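# Descriptive structure summary
The lines below spell out each chain.
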Amino acid sequence: MRRTAALIAGAGPAGSVAAIALARAGARPLLIERQRETGDPLCGGFLSWRTIDRLAGLGIDTDALGGTTIRSVRLFAGGRSAESRLPGAAMGVSRHRLDSALLAEARRAGAGVELGCAIREAAGTTLRLADGATIAGASLFLATGKHELRGHGRNTPGDGDPWLGLRIRLPATPRLERLVGDAVELHLFDRGYAGLVRQEDGGGNLCLALHKSLLVETGGGPAALFAHLAQALPDLADRIAGAPTDHPDAVAAVPYGWRAQFGVAGLFRLGDQAAVIPSLAGEGIDIALASGSAAAAAWMQGGAAEAVTYQRRFSASLRRPLAVADWLKQLCERPGLAAPGVALMHAVPALAGLFARATRVAA
Ligand SMILES: Cc1cc2nc3c(=O)[nH]c(=O)nc-3n(C[C@H](O)[C@H](O)[C@H](O)COP(=O)(O)OP(=O)(O)OC[C@H]3O[C@@H](n4cnc5c(N)ncnc54)[C@H](O)[C@@H]3O)c2cc1C
């Protein structure tokens, strides 16, 4: 069995940032990731002004990410629309670009990185890999994303009608540029919403978060779902016209609202393992970055035992953003509330900035 002081599971933003911070502080973390190559996970790819600042603070060259600048948020519901400026310049960028930059920085900082190693299960802070090998960490930084890792299951909320994520890409065209421009768009519909930003290549990344019951009711297949949405939402129809909708990327059972409120010595939950904020807040990546840095700092200060305090403090710092995001999610997924909400935002554009600020993680 191999042994290491700081073992990190998962090379998404949370795991890579923990690796960067630990390696820079002189620890020699080991980062284990199942993918052989950095992919482009399903994600809206919206980085808020705060996320961009946090990346810059980590020494990441955010200009080099090459994303599209996002200056405003535009909402659509029930035939109404509203647009408002964001509190700061944001970015639309693919996760492939972001995750690659963070992983490269982790390597540069001196972290050990092992790709193509799927973790089958965990027992405390020891990982058993798919090839049968085991690695024991004195501390485990769990950054495997929104789903459960065997051995460290969570009591995530289940409301009987789970949330799904779907993603299609829209080709870069002058028409898409004219329609979407430098906005992040949210198209609200019964039991869900679609978020759209243009990314580094000018193409659109359209991500849906919806209750499973809607997919079932519209026939069970994605093409029928998109056809249904196109009929109900003419502005969305304009944007997806001609795009292939029958094979979207998909993710099941997104545990929105989960928050790890208590810790266990030696186990630092990061990113979506620490909390899953509703995607419409565009704050999941910032939570990942913030948790990676905070956990590394706690570990450097007090070692494995510090996990308990880290988790409690980090959870407390997320109470308000998660509560506001959950409230907004509930408003957005109900047509009877969403349309008046958009009308209100049209009348009082400053509201969007207020909500955008209220859903950010404390620095
Ligand atoms: C529909 C949707 C849209 C979203 N849009 C946005 C947005 O626009 N902006 C935003 O800020 N956030 C958004 N989010 C949230 C954001 O994607 C997540 O919060 C973020 O990816 C969390 O980062 P992470 O590092 O915790 O996990 P992940 O990014 O999921 O990384 C986990 C890593 O662990 C690896 N892994 C998992 N299991 C194993 C295993 N068994 N063995 C080895 N490795 C493993 C995975 O391969 C992956 O590399 C969205 C989420 C959804 C569902």
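Definitions and cut-offs
- Residues numbered from 1 in each chain as written.
- Predicted model: local features only at pLDDT ≥ 70, side-chain atom pairs only at ≥ 80, totals over all residues.
- Heavy atoms only, no water.
- UniProt positions renumbered as here; feature names shortened; annotations may be inferred.
- Helix = DSSP H or I, 4+ residues; strand = E, 2+ residues; numbered from the N terminus.
- Salt bridge = Lys/Arg side-chain N within 4 Å of Asp/Glu carboxyl O.
- Buried < 20%, exposed > 50% of the residue type's maximum accessible area, 1.4 Å probe, protein only.
- Lys, Arg positive; Asp, Glu negative; His and termini not counted.
- Polar contact = N/O pair within 3.5 Å; in protein donor to acceptor, adjacent residues only side chain to side chain.
- Contact = heavy atoms within 4.5 Å.
- Pairing = 2+ DSSP bridges.
- Axes fitted to C-alpha atoms, helices over the stretch in contact; angles between N-to-C directions.
- Left-handed = near helix turned anticlockwise from the far one by under 90°.
- Nonpolar A, V, L, I, M, F, W, Y, C, P; charged D, E, K, R; others polar.
- Near = heavy atom within 4 Å.

In the annotation of an unreviewed UniProt entry, the chain is listed under the name FAD-binding domain-containing protein and assigned to Sphingomonas sanxanigenens DSM 19645 = NX02.

## Some thoughts on the UniProt feature "domain: FAD-binding" (unreviewed entry) in the chain
Here the UniProt-annotated "domain: FAD-binding" (unreviewed entry) positions come out as residues 4–114. With 36% helix and 33% strand, residues 4–114 has its two end C-alpha atoms placed 13 Å apart.

## Observations concerning the pattern of salt bridges
Counted according to the given criterion, the structure contains 22 salt bridges. The partner of R2 in a salt bridge is E114, with the nearest N and O atoms 2.5 Å apart. Linking R2 in strand β1 (residues 2–9) with E114 in strand β6 (residues 112–114), this pair joins segments that are 112 residues apart in sequence. Looking at R2, the relative accessible area reads 39%, which means it is partly exposed. Its relative accessible area of 24% is what places E114 among the partly exposed residues. Residue K329 pairs with D326 through a salt bridge whose shortest N-O separation is 3.4 Å. Separated by three residues within a single helix, K329 and D326 lie in helix α10 (residues 307–332), roughly one turn from each other.

## Points about the side chain of R269
Assignment of secondary structure puts R269 in strand β15 (residues 267–269). An unpaired buried charge is present at R269: no salt bridge exists, and E148, the closest side chain of opposite charge, is 5.7 Å distant. A distance of 2.5 Å separates a polar atom in the side chain of R269 from a polar atom in the side chain of Q273. When neighbours within four sequence positions are excluded, R269 is seen to be in contact with L142, H152, G153, R154, A260, A274, Y310 and Q311.

## What to know about the environment of L166
Along the polypeptide, L166 turns up in strand β10 (residues 163–170). Owing to a relative accessible area of 6%, L166 belongs among the buried residues under this scheme.

## Comments concerning the sheet that holds strand β5 (residues 80–92)
The mixed open sheet is built from eight strands, whose spatial order is β3-β5-β4-β11-β12-β13-β10-β14. The open sheet has two edge strands with one neighbour each: β3 (46–47) and β14 (249–251). As judged from the five bridges shared by strand β11 (residues 183–189) and strand β12 (residues 192–198), these two strands associate in the antiparallel manner. Its bridge partner lying in β12, F189 is registered against G192.

## Overview of the packing of helix α1 (residues 13–24) against helix α9 (residues 284–302)
Running from N to C, α1 and α9 cross one another at 35°; their axes reach a closest spacing of 8 Å. Crossing angle aside, the handedness with which α1 passes α9 is right-handed. Contacts between α1 and α9 involve P13, A14, V17, A18, A21 and L22 on the former and, on the latter, I285, A288, L289, S291, G292, S293, A296, W299 and M300. Residues belonging to the contact of α1 with α9 are distributed by class as follows: twelve nonpolar, three polar and no charged.

## With respect to unusual backbone geometry
The residue R191 is not glycine, and still its phi comes out positive at about 70°. Tracing the chain through its elements places R191 in the loop between β11 and β12. In this structure R191 comes out as buried when scored by relative accessible area, which is 16%. Within the chain, A253 stands out as a residue other than glycine whose phi angle is a positive 50°. For A253, a relative accessible area of 45% puts it in the partly exposed group.

## A look at the site of the ligand
Inspection of the region around the ligand gives 31 residues, with E33, G44, R95, I119 and D272 positioned closest. Side-chain polar atom of E33 to an oxygen atom of the ligand: 2.7 Å apart, as the coordinates give it. In the environment of the ligand, a nitrogen atom lies 2.7 Å from a nitrogen or oxygen atom belonging to the backbone of G44. Breaking the shell around the ligand down by element, the ones donating at least two residues are α1 and α9. The element that contributes the greatest number of residues to the shell around the ligand is α9, accounting for three residues. Of the residues belonging to the shell around the ligand, the class tally is 14 nonpolar, eleven polar and six charged.

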